[in-house]
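# Tertiary structure, described
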Amino acid sequence: MKTTERSDRKIKTIARLYAVFFNVLPPLIGCITVVLCITVSFVFLERLFAYLILCIGMICMLLPKLLEGFLMMDLYANGDLKLYRAVTRTTGSNHRFSQYLIGECSAGEYQYAINVATACLKQKKWSRKRRYVWLNVLAYCYFELGDDQKLLLVCDAFDRISKDERNAALLQKSRPIFERYRAYAQRDAVRCRMIIDRLGNTKYPIDTYYNDFYRARVLQYVFGDTEAARQQYAKATGAADEYSFVRLAKQEMQAMEQGERYTDSMPEVLPDEGFVPRAGREYTMVQSCILGSYTIVMIIIVLCSVMLIPKLMDMRTESNLKKLLEQDYISVQQLDCFNIDANDEVADSMFVCVIDESVVVGSEYITNHKQIVYQLKYSVRVSDLQNPNYRLSPIRHICGLEDYEITSAFYRSYEEIPEHALYVASIEIDGATYYLAVLDCVKLP
């Protein structure tokens, strides 16, 4: 299982792509989902459709999180430890800190891993599941370092912490790991034989290679069978050189040729007192970037809501008006609602549409009970609009609130519309375009 060599620049680029997928994509999808839900809910009044969009958006937001475990495990298990470490640094968050630490100890950063795991075990904020991770890191390090005394202390600590464990599935997953470390540290030949006989091919290649390394250690240090241990060490070296146990397996084979044991020459690693468990500068910077990206997305959502809601409310009013008109008339087409402003206030909310065989102009307003009421002011038959001999004269009407008098007129061409027109709406009929122009708005005394 040899991995292809990648340049440091390429690894950083891939790690950043992972960071975008894990950290930037979910809030971006959430932002788009919120905007779409607001639009659909206010414009089309289709709450069921809005809920459907919300559900799809939630699934898309959760998808990167669901895939994260598989992708990260795929990187680690298939021997790409260098990229795995780069990704865990670049996709920094609290719950990924354990992944980050596992990558560091797998690469042989024993001092750092032991410092962090020991310091984290002293903190009460971590859950019991996370404490099992820290203990597993310590056991991994002390097993590779050949420090049987400290390895037994870690196994005893696991027994104390897991004594009141109610999660049977979690306990069933964690306990065998520490049982095999304890059997090795105690040089229990019977239990070690049972354990290595059960070790076979696993789902992930890296676990198979690590099992070969464990089997080799047991054969060498428990049973004293150096020849069988040498064969198992050779199998373990099939993994990538980035893994610390691969380097240890090669060094053990070299020491065997000289009749020595490599673990006897390994230094004792003690945790640094007063060590504060935090990741490196790059990891911390990524955490800040993630927090910043979520903050920016929330600001975008708020700004979009502030800018879109007034417009969406107008579109919702138009949609409600059309439904109200369709209750009273057979055919309602090309509805266009617009406000006429005068003296820094809305003088009238007008609309124009084609109802049956006439083009109708009216006013609509919202009552105190939040209900829409409309008034039809005047209409022109479609046949009259299409007849060039029919004279289209300006018509005055009083707005819905009876505060303003508004003058408007229909035109057959855009060039006929006076330049001082306050608003122009267009209507298409049989391929021809006709125009309604609001010419004047005067406040009544």
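As the structure is a computational prediction, the values presented were derived from the model and not from experiment.

This paragraph deals with the sheet that holds strand S8 (residues 432–443). Pairing between the strands of a sheet is mediated by backbone hydrogen bonds and can be parallel or antiparallel. Within the open sheet, the 4 strands sit side by side as S5-S6-S8-S7. Their pairing is antiparallel. Single-partner strands in this sheet number two, and they are strand S5 (395–398) and strand S7 (423–429). Neighbouring strand axes in the sheet, compared pairwise and without regard to direction, differ in orientation by 25 degrees on average. Relative to strand S6 (residues 404–411), S5 runs antiparallel, the two being bridged by 4 bridges. From the neighbouring strand, His 397 faces S6, where its bridge partner is Ile 406.

This next bit is on the confidence of the model for the protein chain. Put simply, the protein chain has an average pLDDT of 76, and 66% of its residues get 70 or more. Confidence over residues 1–5 falls short of pLDDT 50; this stretch has 18 contacts with residues more than four positions distant or in other chains. Note that residues 279–286 has pLDDT below 50 and, in this model, 20 contacts with residues that lie over four places away or in other chains.

Time to look at the packing of aromatic side chains. Under the criterion given, the structure shown has 17 aromatic pairs. Arranged with centres 4.1 Å apart and planes meeting at 15 degrees, the rings of Phe 338 and Tyr 423 form a pair that is stacked. Taken as a pair, Phe 338 in strand S1 (residues 332–342) and Tyr 423 in strand S7 lie far apart in primary sequence, 85 residues in all. The class for Tyr 423 is partly exposed, based on a relative accessible area of 26%. Judged by centre distance (5.5 Å) and plane angle (70 degrees), the rings of Tyr 414 and Tyr 435 are edge-to-face. Within this pair, whereas Tyr 414 is found in the loop between S6 and S7, its partner Tyr 435 is found in strand S8, the two being separated by 21 residues in sequence. An aromatic cluster is built from Tyr 140, Phe 143, Tyr 181, Tyr 184, Tyr 210, Phe 213, Tyr 214, Tyr 233, Tyr 243 and Phe 245, whose rings are joined through pairwise contacts. In this structure, Arg 193 packs its charged tip against the face of Phe 223, placed 4.5 Å from the ring centre.

Before going further, it helps to spend a moment on the side chain of Arg 180. By the element assignment, Arg 180 lies in helix H8 (residues 168–185). It is Asp 207 that comes nearest to the buried, bridge-free Arg 180 among opposite-charge side chains, at 7.0 Å. Those residues within four positions of Arg 180 in sequence are excluded, and the remaining contacts are Ile 195, Leu 199, Tyr 210, Asn 211 and Tyr 214.

Once that is clear, we can look at the pattern of salt bridges. Per the counting criterion, the structure on display carries 8 salt bridges. Where Glu 252 meets Arg 217, a salt bridge forms, and the shortest distance between an N and an O atom there is 3.4 Å. Note that Glu 252 is positioned in helix H12 (residues 244–257) and Arg 217 in helix H10 (residues 205–221), a separation of 35 residues in sequence. The pair formed by Glu 252 and Arg 217 is uniform in burial state, with each residue classed as buried. Of the charged contacts, one joins Arg 230 and Glu 227 as a salt bridge, the two residues approaching to 3.8 Å between their closest N and O atoms. Of the two residues, Arg 230 and Glu 227 both sit in helix H11 (residues 226–236), 3 residues apart, roughly one turn of that helix. Each of the salt bridges in this network shares a partner with another, and the network as a whole consists of Asp 156, Asp 159 and Arg 182.

Rules used throughout
- Residues numbered from 1 in each chain as written.
- Predicted model: local features only at pLDDT ≥ 70, side-chain atom pairs only at ≥ 80, totals over all residues.
- Heavy atoms only, no water.
- Pairing = 2+ DSSP bridges.
- Helix = DSSP H or I, 4+ residues; strand = E, 2+ residues; numbered from the N terminus.
- Axes fitted to C-alpha atoms, helices over the stretch in contact; angles between N-to-C directions.
- pLDDT = per-residue confidence, 0-100.
- Contact = heavy atoms within 4.5 Å.
- Phe/Tyr/Trp six-rings, centres within 6.5 Å; stacked < 30°, edge-to-face > 60°.
- Buried < 20%, exposed > 50% of the residue type's maximum accessible area, 1.4 Å probe, protein only.
- Lys NZ or Arg CZ within 6 Å of the ring centre and 35° of its normal.
- Lys, Arg positive; Asp, Glu negative; His and termini not counted.
- Salt bridge = Lys/Arg side-chain N within 4 Å of Asp/Glu carboxyl O.

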